[in-house]
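Structure at a glance
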Amino acid sequence: MVNELLRPLNQIIQNADDLLTNTTLNELQRKFIHAIFTVSSELRDLVISIPDLTWKKAQDILNYESRLHLASIIGYAEVLLDENEGELSAHQRERVHEIRSSGKQLLSRLASLADGGADDE
């Protein structure tokens, strides 16, 4: 279960890191990408702690905290893709699309786990 969640999270973190270190962003874009990086890192730490928890506690965390984190990651990505806060280069746009896609993929996996994961106890 943990690896299924860590893969897309690590993709989000890597893409955000790439954008922060290898591209030029305006101040607001940088704040959004930094927020994505920070929230993704916090969520990764949360997911890593799951094996130490009972299934019920893990399920509670996954249902509330991770969905809250993912809503902000996906939301920031969508704001950046609207380009109202500044134009993105093709490389930046591709990375932000990957962030949004990984966030949606992770949200789908969380929903699946919440629906049928109790059998994994």
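What counts and how
As a convention, each chain's residues are numbered from 1 in the sequence order in which they are written. Totals for whole chains, interfaces and linings use all residues, but because this is a predicted model, local features are given only for residues with pLDDT of at least 70 and pairs of side-chain atoms are given and counted only at 80 or more. No hydrogens and no water enter the side-chain calculation; it runs on all heavy atoms of the structure. By definition, any uninterrupted DSSP run of H or I lasting at least four residues is a helix, any uninterrupted run of E lasting at least two residues is a strand, and each is numbered from the N terminus. Think of it in three bands: residues with accessible area under 20% of the maximum for their type are buried, residues over 50% are exposed, and the middle band is partly exposed, with areas taken using a 1.4 Å probe on protein chains only. By definition, residues are in contact when any of their heavy atoms lie within 4.5 Å. The accessible surface values rely on the Shrake-Rupley method and a 1.4 Å probe; as for residues, cover is taken only from the protein chains in view. A helix's residues, less one, multiplied by 1.5 Å, set its expected span. Polar contacts, as counted here, are pairs of nitrogen or oxygen atoms within 3.5 Å of one another; within protein the pair requires one atom able to donate a hydrogen and one able to accept it, and residues that are adjacent in sequence qualify only if both atoms are side-chain atoms.

Regarding the overall build of the protein chain
What the protein chain contains, in helices and strands, is four helices and zero strands. For the protein chain, the N- to C-terminal ordering of α and β elements is α-α-α-α. Relative to its 121 residues, the protein chain shows a buried fraction of 42%. Taking contacts inside the protein chain between residues at least 6 apart in sequence as the whole, the part at least 24 apart equals 76%. Approximately 6,600 Å² of the protein chain is accessible, and the part contributed by carbon and sulfur atoms is 47%.

Comments concerning the side chain of R95
Among the structural elements, R95 can be located in helix α4 (residues 90–116). On the accessibility criterion, R95 (18% relative accessible area) is buried. If we ignore the near neighbours within four places in the chain, the residues touching R95 are N15, D18 and L19.

Let's talk about helix α2 (residues 27–48)
Along an α-helix, residues three or four positions apart point the same way, because every turn accommodates 3.6 residues. The terminal C-alpha atoms of α2, which comprises 22 residues, lie 31 Å apart, in line with the 32 Å expected from a rise of 1.5 Å per residue. Along α2, the positions that sit buried rather than exposed are Q29, F32, I33, A35, I36, V39, S40, S41, L43, L46 and V47. N-cap assignment for α2: the residue whose side-chain oxygen lies 3.1 Å from the backbone N of L28 is N26.

What about helix α1 (residues 2–22)?
The terminal C-alpha atoms of α1 lie 29 Å apart, and with 21 residues this matches the ideal 30 Å at 1.5 Å per residue to within 8%. Regarding α1, the residues found buried are V2, L5, L6, P8, L9, I12, I13, N15, A16, D18, L19 and L20.

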